[in-house]
Amino acid sequence: MMLRRGFIVFLPRLAGLLVVACCLVSIVYMLACTPRGDGQQLALPRARGPTTKEGYEAVLQEREEQHRNYVVSLKKQIAQLKTELQGRNEQLKSMQERYPDPLDIWLDHSNPEKAQANLLAFLRSQIDRAEVHSGVKLSTEYAVVPFDSFTLQKVYQLETGLTRHPEEKPVRKDKRDELVEVIELAAGSLNHPEGAGNAKQRVYTASDFVEGIYRTEKDKGTLYELTFKGDAKHQFKKVVLFRPFGPVMKVKNENVNMGDTLINVIVPLAKRASKFRQFMQNFREMGIQQIHLTVVYFGREQMNEVKSILENTSRSANFKNFTFIQLNEEFSRGKGLDVGARVWKGHNVVLFFCDVDIYFTAEFLNSCRLNTQPGKKVFYPVLFSQYNPSIIYGNHESIPSLEQQLVIKKETGFWRDFGFGMTCQYRSDFINIGGFDLDIKGWGGEDVHLYRKYLHSNLIVIRTPARGLFHLWHEKRCPGELSPEQYRMCVQSKAMNEASHGQLGMLVFRREIESHLRRQKLSSKKT
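Everything quoted here is computed from the prediction, not taken from an experiment.

**Considering the overall build of the chain**
When its secondary structure is counted, the chain shows 16 helices and 16 strands. The burial tally for the chain puts 39% of its 527 residues in the buried class. Intrachain contacts of the chain at a sequence separation of at least 6 include 71% that bridge at least 24 residues. Only carbon and sulfur atoms are counted for the fraction: they give 55% of the accessible area of the chain, which is about 32,100 Å².

Written out as structure tokens, the structure is:
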């Protein structure tokens, strides 16, 4: 009985809910099914709409026209989508033909020969995509992937990881095995040259290896360039290998004869006669064969002293290959280097843009020659910048000689990866790229501008640490007329060049350390 009464009470409510639901469904149906024109929605006849037969016929004709326009618009959109889809399919097909999917290669077991051919084509395509045969235009200097350099014993690296060592013996097994494998493969390639037949060949071993550079582009593979000793003093063998995230593939072998490759070392200078004397002493000790020195001097102050140093070196070392150019104007590093490069009238020559506080070795000059090629490659080495010797060797009885100071360790200096002033390139490339921006005065800025020009070209830019190129420490002065912000930045730069982070910390906490030592002595006396 109670259930019957409950049902009778609930029945009107259920009927009401059904009516409301039907109304909502009807409204949604009308909204969804009402056709739209290109610009407006079709509406139902309103209360004030036409009431005669002609009026309704006009409304129906208008609706039919709107339907027709709507159908034409949809057909156009469908045609456009079909055309775009066809274009995308053709692009996808072209990409698949050029770069086969590695998964398809491995999964296609029905035709092993085709799979092997596709794999080889894919690996070859990786070489073509990488910056091996030609340079790639880059938008900024931050887009450059630098090389690391290595010898049989050590690797010289910019990305130092947890060790923070600018140079190290490869402690990671994978890196050590990688470089050993590459050196062995390169030597094997030289021992079995293509087309040599049964002719007796010199046998190359790891002991003939001079140096190498390598870098990894994460989406392509690793490029290796290795240099071996040749048959004569200035002859070398160069092997280029590429690992496209698969087997190492030989790119090419080439003979490199550097015996006749002249380097024009261009040094812009103003005053600083004492620094120039040290520069010429290092220059003479290094060996001055196949080198031309161009000094571009600004002003007249200390000029006679500089010329006297140059002439004395010429007499004592029988060195005649130098040019002295004097300019009566304000010092501009870019102007000096540009004038020195353009005044050369001989054959195409390698230009080494250098500063008076730079120390370089004969091995570096070989790297300069090997990493430049007219119309193809320019060399931007990363030099090792020396810390303040008086801080580094403060606990020693005396500061070691300059040669003993030039050790690549994190306590003695750092890779100056933000500097682009020391560079090697052929004169033809420098002229074709447009040279320096001569509107830049003073020191700094011109080097980055030239570096960006090369990055924007099709030339390959070799950027790697150079173990034979050093920036000698000299005191950095912050002029008093600088603004507070400029002065703060100058002091920060000065601190970075003075000592390592740990050494500066020892200076900051020196009093605390001395106080601790005194307490230790007192406690030891009491006991």
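**Section: the packing of aromatic side chains**
Both the distance between ring centres and the angle between the ring planes are used here to describe each pair of aromatic rings. Per the stated rule, a full pass over the model turns up 26 aromatic pairs. Plain terms: the ring middles of Y297 and F324 are 6.2 Å apart, the flat faces sit at 25° to each other, and that makes the pair stacked. Linking Y297 in strand β9 (residues 291-298) with F324 in strand β10 (residues 322-327), this pair joins segments that are 27 residues apart in sequence. Between F353 and F436, the aromatic rings sit 5.5 Å apart at their centres with planes inclined by 45°, giving tilted as the arrangement. Of the two residues, F353 is situated in strand β11 (residues 350-353) and F436 in the loop between α12 (427-433) and α13 (446-455); the sequence distance between them amounts to 83 residues. Each of the two residues, F353 as well as F436, counts as buried. Members of the aromatic cluster, each reached through a chain of ring pairs, are F276, F279, F283, F319, F322, F352, F360, F364 and F379.

**Here's the deal with the packing of helix α6 (residues 273-286) against helix α7 (residues 303-317)**
Running from N to C, α6 and α7 cross one another at 15°; their axes reach a closest spacing of 9 Å. Comparing the axis directions of α6 and α7 gives the class roughly parallel. When you trace α6 past α7, the crossing you get is right-handed. Across the interface between the two elements, A273, F276, R277, M280 and R284 from α6 touch E305, V306, I309, L310, T313, S316 and A317 from α7. Looking at side-chain class alone, the contact of α6 with α7 contains seven nonpolar, two polar and three charged residues.

**Some details on the pairing of strand β8 (residues 263-269)**
Among the seven residues in β8, seven count as buried, and that is most of the element. Going residue by residue along β8, you find I263, V265, V267 and L269 tucked away on one face and N264, I266 and P268 tucked away on the opposite face as well. Pairing of β8 with β11, which is carried by four bridges, proceeds in the parallel orientation. Among the inter-strand pairings, V265 is bridged to a residue of β11, identified as F352. Across seven bridges, β8 lies against β9 in parallel orientation. Bridge pairing links P268 to V296 in β9. Handedness of the crossover joining β8 and β9 through α6 is recorded here as right-handed.

**Things to note about the side chain of E217**
As for its position among the elements, E217 is in strand β4 (residues 209-217). Residue classification places E217 among the buried positions, given a relative accessible area of 15%. From its side chain, E217 meets the backbone nitrogen of E131 in a polar contact 3.4 Å long. Contact partners of E217, with chain neighbours within four places excluded, come to A130, E131 and F245.

**Things to note about helix α5 (residues 173-191)**
Across its 19 residues, α5 extends 27 Å between first and last C-alpha, which sits within 8% of the 27 Å expected from 1.5 Å per residue. Looking at α5, one finds that the buried residues are K175, E178, L179, V182, I183, A186, A187, S189, L190 and N191.

**Quick look at the nonpolar core**
Among soluble globular proteins, nonpolar side chains are generally buried collectively. Counting residues in hydrophobic clusters, the biggest one holds 49 residues, and the most contacted among them are F276, F279, F283, L293, F352 and F360. With six residues, the single largest contributor to this core is α6. Both domains that furnish three or more residues to this core are identified here as domain 1 (141-191 + 204-257) and domain 2 (263-474). Filtering out sequence-adjacent residues up to four positions away, F276 remains in contact with L269, V295, V306, I309, L310 and V356. Formed by 26 residues, the second largest nonpolar core is a distinct cluster that contains V144, L262, F298 and V349.

**Comments concerning empty space enclosed by the protein**
It is the rolling of a water-molecule-sized probe over the atoms that shows where space remains empty. Per the stated rule, a full pass over the model turns up four cavities of 30 Å³ or more. Space inside the largest cavity adds up to approximately 110 Å³. V132, E225, V240, K252 and K377 are, among the 14 residues lining the largest cavity, the residues nearest its centre. When residues of the lining of the largest cavity are traced back to their parent elements, those giving at least two are β5 (221-229), β7 (249-257) and β16 (460-471). Grouping the constituent residues of the lining of the largest cavity by class yields six nonpolar, two polar and six charged. Shared between two domains, the lining of the largest cavity holds at least three residues of each, these being domain 1 (141-191 + 204-257) and domain 2 (263-474). Estimates place the volume of the second largest cavity at around 50 Å³.

Thresholds, definitions, all that
- Residues numbered from 1 in each chain as written.
- Predicted model: local features only at pLDDT ≥ 70, side-chain atom pairs only at ≥ 80, totals over all residues.
- Heavy atoms only, no water.
- Helix = DSSP H or I, 4+ residues; strand = E, 2+ residues; numbered from the N terminus.
- Buried < 20%, exposed > 50% of the residue type's maximum accessible area, 1.4 Å probe, protein only.
- Contact = heavy atoms within 4.5 Å.
- Areas by Shrake-Rupley, 256 points an atom, 1.4 Å probe, with all protein chains shown as cover.
- Phe/Tyr/Trp six-rings, centres within 6.5 Å; stacked < 30°, edge-to-face > 60°.
- Axes fitted to C-alpha atoms, helices over the stretch in contact; angles between N-to-C directions.
- Parallel < 35°, antiparallel > 145°, perpendicular 65-115°, else oblique.
- Left-handed = near helix turned anticlockwise from the far one by under 90°.
- Nonpolar A, V, L, I, M, F, W, Y, C, P; charged D, E, K, R; others polar.
- Pairing = 2+ DSSP bridges.
- Right-handed = clockwise from strand over helix to strand, strands pointing away.
- Polar contact = N/O pair within 3.5 Å; in protein donor to acceptor, adjacent residues only side chain to side chain.
- Expected span 1.5 Å × (residues − 1).
- Core = buried A, V, L, I, M, F, W, Y, C linked by side-chain atoms within 4.5 Å.
- Domains from an automatic or database assignment.
- 1 Å grid on protein atoms, 1.4 Å probe; cavity = no way out; pocket = protein on both sides within 12 Å on 5 of 7 lines; lining within 4 Å.
- Points joined across faces, edges and corners; volume = space filled by probe spheres on them.

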